[in-house]
Amino acid sequence: MENSIHSRGDEAEAHQVDTRSRARRLSRSYKCRCEGRVSFDSTQCPACGSQLGYLPDEGRVVALDAGPKPETWITAGRDDILKFCANRNSPAACNWMVYADNPAPFCIACRLNRTIPDITDADNARYWARVEAAKRRLVSQLIALGSPVRSRLYDDPENGLMFDFLRSPSGGPQVTTGHANGLITLNVEEADSAKREQIRHALGEPYRTLLGHFRHEVGHYYWDRLIRDSRWLEPFRQLFGDERASYAEALKRNYEQGPPENWAQSYISGYTTMHPWEDWAETWAHYMHLADGLGTAMGFGLDVANIERDFPPFGKEALYAPFDPNAPRFLELLNGWLELVVMLNEMARSMGQPDFYPFVMSAPAAAKLQFVQMVVFDARTRPKL
């Protein structure tokens, strides 16, 4: 069954140009004006000493020059005057830029924060720095994908997004990471690698990272924004199941019985079998994993077409909407990612590390990933600084 919401007849040349353009937007390859290599979180070029800032509306790290007024900045190729995010000199070390005439002191990523931990505590400051670094990667990718990103505190009190970054007090109660009505709560102790590894091992998870938490929990938020009360709801139920099933009962059953034995034939992970909401959130997270990972690889010049394939690629028969105009693009993304992770898993093993991507992709999981992409493409917006 076709569920396309896009017009047919895209020209091949336009498709290629758009694919290259979006690959650049999703890349993590950045250079200073001196051609020195810089990173996504860089605030100063190590080669020439230029002040650097990230432009979220362009997805670029750029060199900055002093602007016409104190504490303002300009950059080549733009006429607007910019300022640093107020968190630049905090432990968060935010390098994102804001329009100088914007009364908000914070960038589009930092405006999402409702609560941060007490950073007079050295551990909290260290945890928060790592949390913010992961969150900036999340937000930058959401913007590049065109997903709506608006602060519940500053921009959209009804439908916006906000974060509470909390630490469990000594003796409890324990802070639980999760999402509720646009609020994502994260236990900042997840930024402690040793503690996070203990939790990962205790829960039998193959993968647990700060960025993974963010991508999963924001998937719940976008279910509320993009699926609930929309034309996507019934197709969602056909593919993922009926979300009206009791979540409390599903949670109890999952802890008592675990996932079914044959879960890998239809799901991306055992946890996703618990409830359609969790299946959606984890599938959303995996779509973000592969889009960001493959975009980064392409940004550094890696051509996945040159990687030897040890398995047959997915074809249209595996897709949710095989005749959607963007189906070929999705298959390129999916098959390119799977080719890449075979190599990266072997490289990780060569270094004595766990697999880079410890998951096996089934055809039903691939169909769900395409559904996520269709929803993402349907909801594209443009951000503002």
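Just so it is clear, the structure is predicted and the values come from calculations on it, not from any experiment. (Residues numbered from 1 in each chain as written. Predicted model: local features only at pLDDT ≥ 70, side-chain atom pairs only at ≥ 80, totals over all residues. Heavy atoms only, no water.)

1. As for the overall build of the protein chain
Thinking step 1. Scanning the protein chain from terminus to terminus reveals 9 helices and 11 strands.
Thinking step 2. A compact globule built from 385 residues should have a C-alpha radius of gyration of about 21 Å, and the protein chain, at 21 Å, falls within 12% of that.
Thinking step 3. Its C-alpha atoms give the protein chain principal-axis dimensions of roughly 60 × 60 × 50 Å.
Thinking step 4. When burial is assessed residue by residue, the protein chain has 50% of its 385 residues classed as buried.
Thinking step 5. Once local pairs closer than 6 in sequence are excluded, the contacts in the protein chain between residues at least 24 apart make up 61%.
Thinking step 6. Of the roughly 18500 Å² that the protein chain leaves accessible, carbon and sulfur atoms contribute 52%.
Thinking step 7. Across the protein chain, the centroid of the 44 positively charged side chains sits 4 Å from that of the 50 negatively charged ones. (Helix = DSSP H or I, 4+ residues; strand = E, 2+ residues; numbered from the N terminus. Rg over C-alpha atoms; globule rule 2.2 N^0.38 Å. Buried < 20%, exposed > 50% of the residue type's maximum accessible area, 1.4 Å probe, protein only. Contact = heavy atoms within 4.5 Å. Areas by Shrake-Rupley, 256 points an atom, 1.4 Å probe, with all protein chains shown as cover. Lys, Arg positive; Asp, Glu negative; His and termini not counted. Charge placed at Lys NZ, Arg CZ, Asp CG, Glu CD.)

2. Notes on unusual backbone geometry
Thinking step 1. You will see that glutamate 35, though not glycine, has its phi angle at about 75°, which is positive.
Thinking step 2. Of note, glutamate 35 is situated in the loop between strand S1 (30–31) and strand S2 (37–38).
Thinking step 3. In this structure glutamate 35 comes out as exposed when scored by relative accessible area, which is 53%.
Thinking step 4. At aspartate 229, a residue that is not glycine, the phi angle is positive and equals roughly 60°.
Thinking step 5. Within the element layout of this structure, aspartate 229 appears in the loop between helix H4 (210–227) and helix H5 (233–240).

3. So, the packing of aromatic side chains
Thinking step 1. Following the criterion strictly, the structure yields 24 aromatic pairs and no others.
Thinking step 2. Consider the rings of tyrosine 221 and tyrosine 222, whose centres lie 4.9 Å apart with planes at 70°: the pair is edge-to-face.
Thinking step 3. For the pair tyrosine 320 and phenylalanine 371, a centre-to-centre distance of 5.2 Å together with 85° between the ring planes defines the contact as edge-to-face. Taken together, the residues tyrosine 320 in the loop between helix H7 (276–299) and helix H8 (327–350) and phenylalanine 371 in helix H9 (residues 363–378) connect sequence positions 51 residues apart.
Thinking step 4. What links up through ring pairs into an aromatic cluster is the set Tyr221, Tyr222, Trp223, Trp232, Phe236, Phe240, Tyr247, Trp277, Trp280, Trp284, Tyr320 and Phe371.
Thinking step 5. A cation over a ring is seen here: arginine 380 above phenylalanine 377, with NZ or CZ 4.0 Å from the ring centre. (Phe/Tyr/Trp six-rings, centres within 6.5 Å; stacked < 30°, edge-to-face > 60°. Lys NZ or Arg CZ within 6 Å of the ring centre and 35° of its normal.)

4. Remarks on the confidence of the model for the protein chain
Reading predicted coordinates in detail is not appropriate for stretches of low pLDDT.
Thinking step 1. Looking at the protein chain as a whole, the pLDDT averages 90, with 92% of positions reaching at least 70.
Thinking step 2. Here residues 1–20 is modelled with pLDDT under 50, and outside its nearest four sequence neighbours on either side it reaches 35 contacts, counting other chains as well. (pLDDT = per-residue confidence, 0-100.)

5. Observations concerning the environment of phenylalanine 356
Thinking step 1. Tracing the backbone shows phenylalanine 356 in the loop between H8 and H9.
Thinking step 2. Relative accessible area serves as the criterion here: at 44%, phenylalanine 356 is assigned to the partly exposed category.
Thinking step 3. Remark: the alpha-carbon pair of phenylalanine 356 and tyrosine 287, spanning 69 residues in sequence, is separated by 16 Å.
Thinking step 4. Non-local contacts of phenylalanine 356, meaning those with residues more than four positions away in its chain, are made with Trp337, Val341, Leu344, Asn345 and Ala348.

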